[in-house]
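If you want the building blocks of each chain, they are given just below.
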Amino acid sequence: MAKAPKTKSNETQSSTGFWSFLDQVRFQTLALYGLAGIAVLLLLLEFTGLRYGYTAADEIPAFYILYAAIGAGLIGLASAALRRVLLNSRSYYGDRCVHSEKHPEHDLGVKESGDV
Amino acid sequence: MFDAISAFAMTPVWPFLLGALVVALVPNTLARAAVCVVAPLVGLWLVITAVDGSYANATIAQLDLTMMRMDALSRLFALAFCLAGGMAALYAWHVRDTGQQVAILLYSGSAVGAVLAGDFITLFVYWEVTALASVFLIWARATEGAFNTGMRYLGYQIGSGVLLIGGIALVYRETGSIAFNQIATGSSDGWSAGVWLVFVGFGIKAAFPFLHSWLKDAYPAATVSGTVVLSIFTTKMAIYCLARGFSGTDLLILIGAAMALFPLILAEIEDDLRRTLSYALISQLGIMVVGIGIGSDLALNGVAAHATASIFYQGLLFMAVGAVLYRTGTAQASALGGLHRTMPLTTLFCLVGSASIASVPLFSGFVSKSMIVDATAQSAHFWAWTAILLASVGAFINAAIKVPYRAFFGPDSGKRPAEAPTGMLMAMGIAALVCLGMGVLPGLFYTLLPTDAEYKAFTISHMISQGQILVLPLIVWILLNRAGAWVVTKPGTVLDFDWVLRSVITPVLMFVARFVSVCMEEARDAGRWTLGKVTQSLTYLYGPDGPAARLQPTGSMVLWLAIILAVALSLSLIDVR
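Residues numbered from 1 in each chain as written. Chains lettered and ligands numbered in written order. Predicted model: local features only at pLDDT ≥ 70, side-chain atom pairs only at ≥ 80, totals over all residues.

1. Description of the overall build of chain A
Counting its regular elements, chain A contains two helices and one strand. Here chain A holds 116 residues, and the buried ones make up 19% of them. (Helix = DSSP H or I, 4+ residues; strand = E, 2+ residues; numbered from the N terminus. Buried ≥ 20, exposed ≤ 12 C-beta atoms within 10 Å, placed from the backbone.)

2. Focus: the overall build of chain B
Within chain B, the secondary structure is distributed over 23 helices and three strands. Projecting the C-alpha coordinates of chain B onto the three principal axes gives extents of approximately 115 × 55 × 55 Å. In chain B, which comprises 577 residues, the proportion classed as buried is 57%. Taking the contacts inside chain B whose residues are at least 6 apart along the sequence as the reference set, 81% of them involve residues at least 24 apart. (Contact = placed C-beta atoms within 7 Å.)

3. With respect to the pairing of strand β2 (residues 63-70) of chain B
Residues and elements named next belong to chain B. With six of eight residues buried, β2 is to be regarded as a mostly interior element. The pairing of strand β1 (residues 53-60) with β2 spans seven bridges and is antiparallel. Bridging from a neighbouring strand, Ile60 pairs with Leu63 of β2. (Pairing = 2+ DSSP bridges.)

4. Topic: the interface of chain A and chain B
Between chain A and chain B, the contact holds 64 residues from the first and 72 residues from the second. Top contributing element to the side of chain A that touches chain B by residue count: helix α2 (residues 63-86) of chain A, with 17 residues. Bridge count for strand β1 (residues 87-88) of chain A against strand β3 (residues 493-494) of chain B is two bridges, and the pairing is antiparallel. Counted as the bridge partner of A:Asn88 is B:Thr493 from β3(B).

5. Some remarks on the confidence of the model for chain A
Residue and element names in this part refer to chain A. Scored by pLDDT, chain A has a mean of 79; 76% of the residues are at 70 or more. Mean pLDDT across the secondary structure elements of chain A bottoms out at helix α1 (residues 25-47), with 85, and peaks at α2, with 94. Per-residue pLDDT stays below 50 along residues 1-14; that stretch engages in 18 contacts with residues further than four places along the chain or on separate chains. (pLDDT = per-residue confidence, 0-100.)

6. What about helix α7 (residues 144-175) of chain B?
All names here are of chain B. Between its first and last C-alpha, α7 extends 46 Å over 32 residues, near the 46 Å set by a 1.5 Å rise per residue. Residues of α7 that are buried in the fold lie against α6 (120-139), α8 (193-205) and α9 (213-218). Remark: Gly176 follows α7 within two positions and exhibits a positive phi of approximately 75°. (Expected span 1.5 Å × (residues − 1).)

7. Description of unusual backbone geometry
All names here are of chain B. A positive phi angle, close to 60°, is found at Ala142, a residue other than glycine. Mapped onto the elements, Ala142 comes out in the loop between α6 and α7. The class of Ala142 is partly exposed, set by 13 C-beta atoms lying within 10 Å. Unlike most non-glycine residues, Phe210 shows phi in positive territory, near 75°. Looking at where Phe210 falls in the secondary structure, it is placed in the loop between α8 and α9. When the 12 C-beta atoms within 10 Å are taken as the criterion, Phe210 is described as exposed.

8. Concerning the nonpolar core
With 221 residues, the main nonpolar core has B:Leu242, B:Leu316, B:Leu317, B:Met319, B:Val321, B:Ile388 and B:Ala431 as its most contacted residues. Apart from the residues within four sequence positions on either side, B:Ile388 is in contact with B:Ala260, B:Ile287, B:Val290, B:Ile372, B:Val373 and B:Thr376. (Core = buried A, V, L, I, M, F, W, Y, C linked by C-beta atoms within 7 Å.)

9. Some words on the environment of B:Met319
All names here are of chain B. By the secondary structure assignment, Met319 is in helix α15 (residues 297-328). Residues Met319 and Met424 lie 105 residues apart in sequence; the distance between their C-alpha atoms is 7.5 Å. Setting aside its immediate chain neighbours within four residues, Met319 contacts Tyr91, Val228, Met424, Ala427, Met428 and Ala431.

Here you go:
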């Protein structure tokens, strides 16, 4: 069973395959600018009168953009904060619990890409 | 009984039952796998060719059963269940465990039977069979932890059945009918005990808040294929029942909004990707429950459409993560990453599922969820609308970003697993095609919906607003990740409401049980002591040496008789008036 060498970061990995561009930091930065550009474009389109919805909130300029940004930020930050309280050790419920078990081999077909 | 058998033979459930019987008896592994795929497809054909109406009637114990009620709502769910059943069986093609194969067929067949049931008794029977058959998909993991999880799961499922049958009995006593139609609507004030019991019975399987922990406990504990099958049927069956029996019930809007929101943070903290998807599933169910509570024609169409779409996109995500687990031995996000290199097709299918749950235009979620969102906006429940919007943002972050990023992209784990087996890839391909088909051809999909409400998903304004909902969370996620402020998952146990059950309620119940046991022991000792004393007294009185056994003189006996007669005479002279 030939195991590929383990790499520590995306940048040092010699990427292959269709999705390899996603590993490059340059692409990620480019994607960020691209997404920001799309967001600005969508906002501008909204101001041309292409406003959607049935509620009073739809009349607020940039409502969806603001709501989505604040919502995503809240979920991310609240998760980071609550993890300290809610996350416990694997054996929290004892040893006879699936949390502290490995998935049984009889249900698996572990195979590496080089294996025949 | 012959009536019941011939009525059952008219339903699309028989291919599943016959298939299960064949699978149990046939030793050939390939034949068994083929039967598991073919049986749901025969069921699918029977559903497609079935005519509308209520038939397959039988009378058992003076109760009129209707095993087949075919209308637009039941047809859509039955179609989705049959197709998804076949898809799941194809995914499990590699499985050689007869028990799992029989369980898959019985479980999917009984779910089809439940959504076609025209009466409560038929519904209850199928309701219980789904519970009993599905637990074997957890126990098939064959570990002590899985056995304990299965017992907890069974407790919830049987508990739901007990509440349901109790409610049915009370409703029958009130109305004299067992027909399964609209049970309640509007305000829940004045509901009878029977209606409440049926409601909570449905609510357990729909994973209402505080009744949901079975789902996130059991689904990640099942086998690789078992989790996929579990994700398809039980909860959607409950959604169907709520839509059939409780549409327009105000209470459901509140419950649904809570369901849609509370799992968002738990899903983000969770390291096990199958558990993350379980939370995402609860959130999606919450959106459907809000739609049922709104109850308008558009909302009900949205519920039916979103439940159907959810069967496939949620199933697809569970299948992709299952394939990762199958090949790497783990579904822990912290142990994965960079798998796209050697699992490109699984990655692609996962992205289709992600795009669907995130409601990206041209994918199924976009044409289904938006109906519920718009129906809620059109109602007077502004707060519920904002809750659904936030749940949409959360679904995008939890299921559409976290799952593919942590498994297939992200920091390289060094794992180079082989691509998923052909059966798994074919099943994922079918699910992906369905997700795309619904999204690209919504007009065709909408013809299957239960009401005549018209809806146009592809308007420019809708795509702009949806685009804004999708782009901004992605930007926020990238920025917070770069700043190191986004949550990094770690292996562990995330505490949910089951902490209350396991750490508070269970010890209290154990204490009460011990107290009752001690009390019973004491009562038994006291009874034994009392009985001993009584026996001792009786032995003293009537034993060989007791006063009653002694010989008495005749004169004494005559004297006592005279006294008794005198007392009787005196009493008879008393004027009772």
